[in-house]
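# Architecture and fold: a report
Each chain, letter by letter, is given below.
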Amino acid sequence: MSLYQTFLDYAIAYLRENLDLEDYPIPEGYQQKQAITGKGKREQEVVTTSHGFCSPKLRQIRAAHVEGGNSLQVLNFVIFPNLNYDLPFFGADLVTLPGGHLIAIDMQPLFHTNHYQDKYSKPLLPTFQEYQKELPWGGDFPEEAQQYFSPAFLWTRPDKTEIVETTVFSAFKYYLHTYVDFVKQAQKITDSQQLENVLTAHKNYIQYRAEKDPARGMLTRLYGTEWAEEYIHGFLFDLERKLPHLSIA
Ligand code: DBV
């Protein structure tokens, strides 16, 4: 059973229909990785599959999909816009572990100004509040992560898989649709000060996500330190590596 395959298929199809998608390179050896965990009856294959795309306004659209049986399913799906747009990051962390489901969906802001919130968070709030009735706040959350979230951050721990398949899927689609609307409307930035601010925000965010990646432990246990670190810095959060090759504006 692969709980998040429908999310992934939907997202890629929707982005393809609405944006001019191209493939984004995935480093050799990181497209798919297998490992066997457990022994005897508990033996379980865990497969991690990567997906990467880009579009004229989006630098990297990427997904890491971990499938390891009923009690290990993960889809981490993030969109990193080009550095000459003020677009937020689209971020979804859909995690199923033996302890249950953990869902994070957001459009993570570059800035926390009122202007930015009016533009990129406010439109989501009424629907976000509706979803919160069925998907209540998931509790403890790393304090230092808070600066990276928007007021429409959906963070929840559904106790039933059915909720993931229905309400969470619906919310995921809503955030994705709204994000694509934002992308379509987005206008290039040309002001050099603003470009610098965007670049700084991207660097801070990616540095934080790479350093604090909650999947580091799992990826290291499954595939070893070297593979995990290269995956994190060479694909999942690759801005620093790509920066020398990017032309901005
Ligand atoms: N999280 C990632 C990537 C993953 C991934 C790249 C390749 O950023 C999976 C996979 N997240 C993942 C796993 C766990 C979590 C947990 C496997 C479980 C870790 C464990 O319990 O062993 C949101 N994800 C979490 C947690 C948070 C987030 C707060 C709980 C762990 C903790 O308290 O640190 N991930 C975090 C976040 C976003 C996100 C800030 C934004 C949408 O994607």
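Report on the accompanying structure. Not measured: the values here are computed from a predicted model.

## Thoughts on the packing of aromatic side chains
This model, assessed by the stated rule, comprises 31 aromatic pairs. On the basis of an interplanar angle of 70° and a centroid distance of 5.4 Å, the ring pair of Tyr-4 and Phe-7 is categorised as edge-to-face. For Tyr-4, a relative accessible area of 0% puts it in the buried group. Between Tyr-131 and Tyr-174 the ring centres are 6.3 Å apart and the planes differ by 45°, which places this aromatic pair in the tilted class. With Tyr-131 in helix H3 (residues 125–134) and Tyr-174 in helix H4 (residues 161–185), the pair connects residues that are 43 residues apart, well separated along the chain.

## What about the packing of helix H6 (residues 216–223) against helix H7 (residues 225–236)?
It is at 7 Å that the axes of H6 and H7 come closest, and there the two elements cross at 130°. Taken together, the axis directions place H6 and H7 in an arrangement best described as oblique. Relative to H7, H6 is oriented so that their crossing is right-handed. Taking contact as the criterion, the partners of Arg-216, Leu-219, Thr-220 and Tyr-223 in H6 are, on H7, Thr-225, Trp-227, Ala-228, Glu-229, Tyr-231, Ile-232, His-233 and Leu-236. Class assignment for the residues of the contact of H6 with H7 results in seven nonpolar, three polar and two charged.

## Brief notes about the site of the ligand
Taken together, 20 residues sit near the ligand, with Asn-76, Asp-93, Phe-149, Arg-209 and Asp-213 positioned nearest. Asn-76 has a polar side-chain atom sitting 3.2 Å from an oxygen atom of the ligand. The contact in question runs from a nitrogen atom of the ligand to an N or O atom on the side chain of Asp-93, over 2.7 Å. Within the complex, 81% of the 840 Å² of free accessible area of the ligand lies under protein. Judged by the proximity of its atoms to the pocket grid, the ligand belongs to the largest pocket.

## Points about helix H5 (residues 192–211)
With 20 residues, H5 ought to run about 28 Å at 1.5 Å a step, and its terminal C-alpha atoms sit 28 Å apart, in line with that. Every buried residue of H5 is accounted for by Leu-195, Val-198, Leu-199, Ala-201, His-202, Tyr-205, Ile-206, Tyr-208, Arg-209 and Ala-210. Where H5 starts, the residue carrying a side-chain oxygen 3.3 Å from the main-chain nitrogen of Gln-193 turns out to be Asp-191.

Scoring rules and cut-offs
- Residues numbered from 1 in each chain as written.
- Predicted model: local features only at pLDDT ≥ 70, side-chain atom pairs only at ≥ 80, totals over all residues.
- Heavy atoms only, no water.
- Phe/Tyr/Trp six-rings, centres within 6.5 Å; stacked < 30°, edge-to-face > 60°.
- Buried < 20%, exposed > 50% of the residue type's maximum accessible area, 1.4 Å probe, protein only.
- Helix = DSSP H or I, 4+ residues; strand = E, 2+ residues; numbered from the N terminus.
- Axes fitted to C-alpha atoms, helices over the stretch in contact; angles between N-to-C directions.
- Parallel < 35°, antiparallel > 145°, perpendicular 65-115°, else oblique.
- Left-handed = near helix turned anticlockwise from the far one by under 90°.
- Contact = heavy atoms within 4.5 Å.
- Nonpolar A, V, L, I, M, F, W, Y, C, P; charged D, E, K, R; others polar.
- Near = heavy atom within 4 Å.
- Polar contact = N/O pair within 3.5 Å; in protein donor to acceptor, adjacent residues only side chain to side chain.
- Areas by Shrake-Rupley, 256 points an atom, 1.4 Å probe, with all protein chains shown as cover.
- 1 Å grid on protein atoms, 1.4 Å probe; cavity = no way out; pocket = protein on both sides within 12 Å on 5 of 7 lines; lining within 4 Å.
- Sits in = over half its atoms within 2 Å of the grid points.
- Expected span 1.5 Å × (residues − 1).

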